[in-house]
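# Structural characterization, general
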Amino acid sequence: MSIGSLRRRPGRTLGVLLLVLLSFLVLRRYLHLNPDNCAQEGARRLNWSTLIPHWLQHRQLGLQAKGQNFMLEDTIFWIFGGSIHYFRVPREYWRDRLLKLKACGLNTLTTYVPWNLHEPERGKFDFSGNLDLEAFVLLAAEIGLWVILRPGPYICAEIDLGGLPSWLLQDPGMKLRTTYQGFTEAVDLYFDHLMSRVVPLQYKHGGPIIAVQVENEYGSYNRDPAYMPYIKKALEDRGIIELLLTSDNKDGLQKGVVHGVLATINLQSQQELQSLTTSLLSVQGNQPKMVMEYWTGWFDSWGGPHNILDSSEVLDTVSAITNAGSSINLYMFHGGTNFGFINGAMHFNDYKSDVTSYDYDAVLTEAGDYTAKYGKLRDFFGSLSGASLPPPPDLLPKTAYEPVALPFYLSLWDALQYMEKPIKSEKPINMENLPVNDGNGQAFGYTLYETTIASSGVLHGCVRDRGQVFVNTVSIGFLDYKTTEIVIPLTQGYTVLRILVENRGRVNYGNNIDDQRKGLIGDLYLNNSPLKNFRIYSLDMKKSFFQRFSADKWSPVPEAPALPAFFLGVLSILPSPSDTFLKLEGWEKGVVFVNGHNLGRYWNIGPQETLYLPGAWLNSGANQVGALQASSPFLCESLSTPLLLGKKCFPGSLQSGPERGRCSRTPLSPPQVIVFEETMAGPMVQSTDTPNLGRNQYLH
């Protein structure tokens, strides 16, 4: 096979040398005009194409489908790709993961673009920090990788609502993934902004993007025959000029084809290889073959096993795919983590939400470590390249920190007084339609509903996804998909009824994505009579949520703490931060925050038993750790030094040794570890240098 590099034309060498010199002079002038590093970065993005040799500025043909081959300019090109989602990997580790992809013998990076994260509120865009798409694509180019971009608008990706923003569901008539006006107007505005960033990064403009995917697996949805042509036109009208692709599984392939767009297929087993040839041939004739998603493993759901795929089977299938004359993309090369509340869910017979880890049993682990798959695939792709591969980067260090109790506490009921005033409504309001976030509703987290009742009886209603029911502050059980009613015990006089509802993740794949509103849906009934006059608290648990809880709001943990509750402690990191995994034995269900980063959910039903904590998110010295828990005391094993909020020391948090009795001179912001505990809490939260993703189940 001839792989990847462009062939130089005769007589070009002298011209190239002169143009490289010219590029150096341009770069020198640019650096002189922009001494500030931040300004340099902005200018580099805007003028990146001016800093490359002239013969690359005038790329003419790009990636083409010619007969059975891909061609990059005038050279046969094999796409050997790997998927990494920038939004699932700490930005500080992007380079490490991309270098490992390159060292595995791959030449192309593929990534989705999550609309819901980039436009969390209508018309307000976020491409900063871990969402800096342009920086990620430019870094891939710097490392020597081509890029296939998969911008959706729907991406699946086991992410909440398949990457669609939840504010779309404020429209009661919304028809997602169709040419419904309310949907296309939102897509048009999003694409106006997104494509202005993407267009300069295309191959023909001197960038690394050689192909762009049109939507994702639409053949399996297929609600509107006008929709895919609309998305194709929306891309082209905004300046997308590279090769367009679709991506479908074998069952959806026939219905996912778009005129003028190359079809690719998704699969996992060798038994599906026949469809690689026969199905693609039937829909588009003699065109290059590509497996856009060869699934190197699979995702996990709460309450299920940890899915794994044998490395020898992976190697055999990859070899068979390439022997069939097909290009390939490894989905996933590196899965990463569903940090925060971004995980998706499936709902066919039963509702099943995805776990926090997106390890996927991929070629690299959740923490970026090598696997048996990596070694075998590196040898395989190295044998095809005909050239030596770059050495794989060293592994990032892992460590287990000392266990520490979380000694400070704030019950949810006490915390309510420090929050925004509750929304008052005659009837329950679902999360998406709450008048919060400048009218965009609530996307993630929890919502607390309160009303007053004067009698006992049977309570029932539609709760999405899981609601803990309280009489005053006493928990009496849960409502969810399977448990739709609960008995309210006999009470005296007027009683406060509370339901704390968790959005566990919106469905990301299937025909029911239009029905993914969360919270209380419709009326809540007691003895078949609808309850009225609700007070509703939005508990989205963003960083700003915790800024209300200043040092004087916290107190030492009592012997019998009221739950749910927040718990707070400190993690000491010396001498330098390393990756670790938090282990929550004895805890039941919650969310963990460290230094303002939401590490995600944990739940003792498994399979996942540890939460990944990147060392890049830790500071040398004291790192505050907190926890929201819903039913019992909490200790966090990974904490050991004084807890500081601003300049105040808490009782019992004084320094040891010569500094005992004094507060640190260096104030720290109050990062949290939040544990929403519903029935039982453990004595401590441990840390370990080895992840535990649960009991294994082999995929076949």
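Here is a short report on the structure shown in this document. No experiment lies behind these values; they were computed from the predicted model shown.

Thresholds applied
- Residues numbered from 1 in each chain as written.
- Predicted model: local features only at pLDDT ≥ 70, side-chain atom pairs only at ≥ 80, totals over all residues.
- Heavy atoms only, no water.
- Pairing = 2+ DSSP bridges.
- Helix = DSSP H or I, 4+ residues; strand = E, 2+ residues; numbered from the N terminus.
- Phe/Tyr/Trp six-rings, centres within 6.5 Å; stacked < 30°, edge-to-face > 60°.
- Buried < 20%, exposed > 50% of the residue type's maximum accessible area, 1.4 Å probe, protein only.
- Polar contact = N/O pair within 3.5 Å; in protein donor to acceptor, adjacent residues only side chain to side chain.
- Axes fitted to C-alpha atoms, helices over the stretch in contact; angles between N-to-C directions.
- Core = buried A, V, L, I, M, F, W, Y, C linked by side-chain atoms within 4.5 Å.
- Contact = heavy atoms within 4.5 Å.
- Salt bridge = Lys/Arg side-chain N within 4 Å of Asp/Glu carboxyl O.
- Expected span 1.5 Å × (residues − 1).
- Right-handed = clockwise from strand over helix to strand, strands pointing away.
- Parallel < 35°, antiparallel > 145°, perpendicular 65-115°, else oblique.
- Left-handed = near helix turned anticlockwise from the far one by under 90°.
- Nonpolar A, V, L, I, M, F, W, Y, C, P; charged D, E, K, R; others polar.

### Structural notes on the sheet that holds strand β19 (residues 457-464)
Taking strand neighbours across the sheet as the criterion, the four strands line up as β22-β19-β24-β25 in an open arrangement whose pairing is antiparallel. Two strands close off the open sheet at either side, each with one partner strand: β22 (485-488) and β25 (529-530). Alignment of β19 against strand β24 (residues 519-526), held across six bridges, turns out to be antiparallel. From the neighbouring strand, V463 faces β24, where its bridge partner is L520.

### Things to note about the packing of aromatic side chains
A full pass over the atoms with the stated rule returns 38 aromatic pairs. Summarising the aromatic geometry, the rings of W115 and Y190 are spaced 4.9 Å apart at their centres and angled 10° between planes, so their arrangement reads as stacked. Here the residue W115 occupies a position in helix α5 (residues 115-118), and Y190 occupies one in helix α7 (residues 181-198), the gap between them amounting to 75 residues. A relative accessible area of 0% means that W115 is categorised as buried. In this structure Y190 comes out as buried when scored by relative accessible area, which is 0%. For the pair Y190 and F191, a centre-to-centre distance of 5.8 Å together with 40° between the ring planes defines the contact as tilted. Among the residues examined, F191 registers a relative accessible area of 0% and is labelled buried. One aromatic cluster in this structure is built from W115, W167, F183, Y190, F191, Y218, Y221, Y227 and Y230.

### A few points about the side chain of T108
With respect to the helices, strands and loops of the structure, T108 is situated in strand β5 (residues 108-112). The exposure class assigned to T108 is buried, which follows from its relative accessible area of 0%. A distance of 2.8 Å separates a polar atom in the side chain of T108 from a polar atom in the side chain of N107.

### Focus: the sheet that holds strand β1 (residues 63-66)
Strand order in the open sheet formed by three strands is β1-β2-β3, and the pairing between neighbours is antiparallel. Lying at the two open borders of the sheet, with one neighbouring strand each, are β1 and β3 (75-77). In this sheet, neighbouring strand axes are inclined to one another by 45° on average, regardless of whether the strands run parallel or antiparallel.

### What to know about the nonpolar core
By size, the foremost hydrophobic cluster in this structure holds 124 residues, and its most contacted members are Y294, L330, F333 and F381. Beyond its immediate chain neighbours, meaning those up to four positions away, Y294 contacts L267, Q268, L309, E313, V314, T317, V318, I321, I328, N329, L330 and Y331. F341, A415, L416 and L568 belong to the second largest nonpolar core, which has 24 residues in total.

### Here we look at the environment of Y409
Turning to its location among the elements, Y409 is positioned in strand β16 (residues 408-411). Among the residues examined, Y409 registers a relative accessible area of 8% and is labelled buried. In the structure, Y409 is positioned 159 residues away from L568 in sequence and 6.3 Å away in space, judged by C-alpha atoms. Ignoring anything within four residues of it in the chain, the contact list for Y409 reads K553, W554, S555, P556, V557, P558, P561, A562, A565, F566 and F567. A distance of 2.8 Å separates a polar atom in the side chain of Y409 from the backbone nitrogen of A562.

### Things to note about the pattern of salt bridges
Tallied over the full model, the rule gives 26 salt bridges. For the salt bridge of K232 with E236, the shortest nitrogen-to-oxygen distance reads 3.2 Å. Here K232 pairs with E236, and both are found in helix α8 (residues 227-237), just four residues apart, close to one helical turn. Classification of E236 by relative accessible area gives partly exposed; the value is 37%. Salt-bridge contacts for R506 lead to E432; the nearest nitrogen and oxygen are separated by 2.7 Å. With a gap of 74 residues between them, R506 in the loop between β23 (495-502) and β24 and E432 in the loop between β17 (423-425) and β18 (446-453) connect regions that are remote in the sequence.

### Considerations on helix α12 (residues 372-385)
Under the 1.5 Å per step criterion, the end-to-end length of α12 is 20 Å for 14 residues, consistent within 8% with the ideal 20 Å. Along α12, the positions that sit buried rather than exposed are K373, Y374, L377, F380, F381, G382 and L384. For α12, the elements touching its buried residues are β4 (80-84), α4 (94-103), α11 (311-323) and β12 (326-334). Backbone nitrogen of K373 and a side-chain oxygen of the N-cap are separated by 3.2 Å at the start of α12; the cap is T371. Of the residues one or two after α12, G386 is the one with positive phi, at around 70°.

### Details of the pairing of strand β8 (residues 243-249)
For β8, a buried count of seven out of seven residues is recorded, marking the element as mostly surrounded by other parts of the structure. Side chains L243, L245, S247 and N249 project from β8 onto one buried face, and the interleaved L244, T246 and D248 project onto a second face that is buried too. Here strand β7 (residues 209-213) pairs with β8 via three bridges, running parallel. Bridging across to β8, A211 finds its partner in L243. Assessed by its sense of winding, the connection that carries the chain from β7 through α8 to β8 is right-handed. In terms of strand pairing, β8 meets strand β9 (residues 262-267) through five bridges, oriented parallel. Its bridge partner being in β9, S247 is matched across the sheet by T264.

### A look at the packing of α11 against α12
Put simply, α11 and α12 touch, their axes get as near as 9 Å, and they point 25° apart. Overall, the two elements α11 and α12 adopt an arrangement that is roughly parallel. The handedness of the crossing between α11 and α12 is right-handed. Side by side, α11 and α12 meet where S311, S312, V314, L315, V318, S319 and T322 of the first sit next to A372, K373, K376, L377, F380 and F381 of the second.

### Some details on unusual backbone geometry
Trans is the prevailing form of peptide bonds, just as negative phi is the prevailing case for residues other than glycine. Geometrically, the link from L563 to P564 is a cis peptide bond, its omega value of 0° lying close to zero. Here P564 shows up in the loop between β27 (555-556) and β28 (565-573). You will see that M541, though not glycine, has its phi angle at about 60°, which is positive. If you trace the backbone, M541 turns up in the loop between β26 (534-539) and α14 (543-546). What makes M541 buried here is its relative accessible area of 4%.

### Side note on the packing of α4 against helix α6 (residues 133-143)
It is the contact of α4 with α6, at a shortest axis distance of 10 Å, that shows an interaxial angle of 40°. As summarised for this structure, α4 and α6 are arranged oblique, according to the angle between their axes. Remark: the crossing between α4 and α6 carries right-handed chirality. Taken together, the residues of α6 that come into contact with α4 (itself represented by W94, R95, L98, L99 and K102) are A135, F136, L139, A140, E142 and I143. In terms of residue class, the contact of α4 with α6 is made up of eight nonpolar, no polar and three charged.

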